[in-house]
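# Observations on the model geometry
Each chain, written out:
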Amino acid sequence: MKVYSSISTAAVALSLALISVKGFAPTQPSMQTLSITSQLNQMNSAENESDYKETQTKNPLIDCPLTKPLVTAITIFSLAITTLSTNPQPAQAADYGAFTDEQRFIAEAWRTVDSAYIDRTFNSQNWFQMRQDALKKNYKNMNEAQAEVEKMLSSLGDRYTRYLPPSKYESMVNAATGSVYGVGVELAQSGDRVIASDVEPNSPASRGGLERNDVFVEVDGVKFDDGKATPDDVAVVVRGPEGSKVGVVVERGGKKLDYILTREPIKITSVRSYIGGDIPGVDGKVGVIRIKNFSGTTADTVQEQLEDLKKKGAKKIVLDLRGNPGGLLPGGVDTASLFLESNKPVVFVADKNGVVDSQSTLKDGIDLEIPLVILVDRNTASAAEVMTAALQENKRALVAGEQSFGKGIVQTIRQLEEGKNGGVAVTIARYETPEHHNINKQGITVDVKTSVDCEKTDALACLSKEVFN
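Description of the structure in this document. None of these values were measured; they are calculated from a predicted model.

In this structure the tally under the stated criterion is one disulfide. Linked covalently through their sulfurs, cysteine 454 and cysteine 462 form a disulfide whose S-S length is 1.9 Å. Since a negative S-S torsion denotes a left-handed disulfide, the cysteine 454-cysteine 462 link at about -115 degrees is left-handed. With respect to burial, cysteine 454 and cysteine 462 carry one shared label: buried.

So, in structure tokens, the structure goes:
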């Protein structure tokens, strides 16, 4: 298997459409992980000319020499932890040569999913019979065969296990190899729609008129209003060559708005920190660290920001994870480890056979005492939920805000027929929290419900003194 290594949600979704592929700066993780637990979630980090401290990097999917090898596989979406394979699966059927091209394509797609899909009941249906029925049909062309594969995978009831047409698969490969650019908008799932959860300042999206909470209806003629689209789906269409145009149709206030934007390199800032304003009844300064996505360098950056905030007098810390769609799993694991004692469980990853990869802290973190509050919202997902659950269930942080998204599964991306007919995304594993809770489609229940609608630059406006006492 060839793995495109480098996210960050990525990385992201909680995905940033590189539109701005967020935080893709892999590193050798300090935690011991399986390859399936890496993430490339497309994630966005806005470049902001404000008074609070920023750490800026160029989008590494566009312009970055890798400084450290990534030993785990990459994950592509938004909200997902994905590996990208370019080796086709070997043919196994004795009568494979008797198939038409369309039937061979369907057989390969079926076999690829069958070999890795985590739900071995295949949504409580006869998966083998489905293959037999599909191969008995006559197909006039490859488009009909591709439609059959889409139908077959949609029957699994898993929106993340899906067929990727050639253009979409190629876009994902290009994203991993650094040959795409974007418009600077962060994407997130909101019910069955994909929205702009944030817009990069001074980006093509911002200059063109896109706004936070705009609903994506169509991009370059591809419609996303059927309730099945994910942030990854939108992101791969928005990306493209530098300087090229992309047409975007969004819905805002019941009206459809049409924009033509020019793709360009996006600078990202995945971690920011600032000293918040005074909260009545709370003693001492409160420092805020906003994490927009997790990459291989996030833990190091958070450590720097934490030390800086403490020098400025911060006695309490808020970790603002609103809108964070995930990213690189080791980034979330390592960031949680900064605040935990040695040998504390962080996350478990279970594959289709029930084999569990246990990841625990290897040493004491840098700060085991400072009070922590984590602010989450309905778009906090994947690696961000892993970190949140690790600190919550190890009794290290209080979680405030609203129920998180609930993305606790892992995908792999595999090509079909050497990429000539696209590929498939397959769910191959799931997360469990330190207390072995399955957060997928459930999310994390907060300790204190609070507003999450305050500005991204003023997290303390969402919090009251009760959160800190």
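Further remarks concern the layout of surface pockets. Volume-wise, the largest pocket comes out at about 800 Å³. The wall of the largest pocket is formed by 31 residues, among which Arg162, Tyr163, Pro165, Lys168 and Asp233 lie closest to the centre. It is helix 5 (residues 166-177) that contributes the most residues to the lining of the largest pocket, five residues altogether. When the residues that make up the lining of the largest pocket are grouped by side-chain class, the tally is 10 nonpolar, eight polar and 13 charged.

With that out of the way, let us pick up the pairing of strand 8 (residues 215-219). Most of strand 8 is tucked away: four of the five residues are buried. Judged from the four bridges that link them, strand 8 and strand 10 (residues 245-252) form a sheet pairing that is antiparallel. Opposite valine 219, over in strand 10, you have valine 248 as the bridge partner. Where strand 8 and strand 9 (residues 222-223) come together, two bridges link them in antiparallel fashion.

Of the residues making up helix 3 (residues 127-136), those classed as buried are Trp127, Met130, Arg131, Ala134 and Leu135. Down the axis, helix 3 shows its buried residues gathered within 125 degrees of arc, on one side only. In this structure, the buried side of helix 3 is in contact with helix 2 (101-116) and helix 4 (142-154). Regarding helix 3, its N-cap is asparagine 126, as a side-chain oxygen of that residue lies 3.4 Å from the backbone nitrogen of phenylalanine 128 further along.

Criteria and thresholds
Residues numbered from 1 in each chain as written. Predicted model: local features only at pLDDT ≥ 70, side-chain atom pairs only at ≥ 80, totals over all residues. Heavy atoms only, no water. Disulfide = S-S within 2.5 Å. Buried < 20%, exposed > 50% of the residue type's maximum accessible area, 1.4 Å probe, protein only. 1 Å grid on protein atoms, 1.4 Å probe; cavity = no way out; pocket = protein on both sides within 12 Å on 5 of 7 lines; lining within 4 Å. Points joined across faces, edges and corners; volume = space filled by probe spheres on them. Helix = DSSP H or I, 4+ residues; strand = E, 2+ residues; numbered from the N terminus. Nonpolar A, V, L, I, M, F, W, Y, C, P; charged D, E, K, R; others polar. Pairing = 2+ DSSP bridges. Arc of directions from axis to C-beta. Contact = heavy atoms within 4.5 Å. Polar contact = N/O pair within 3.5 Å; in protein donor to acceptor, adjacent residues only side chain to side chain.

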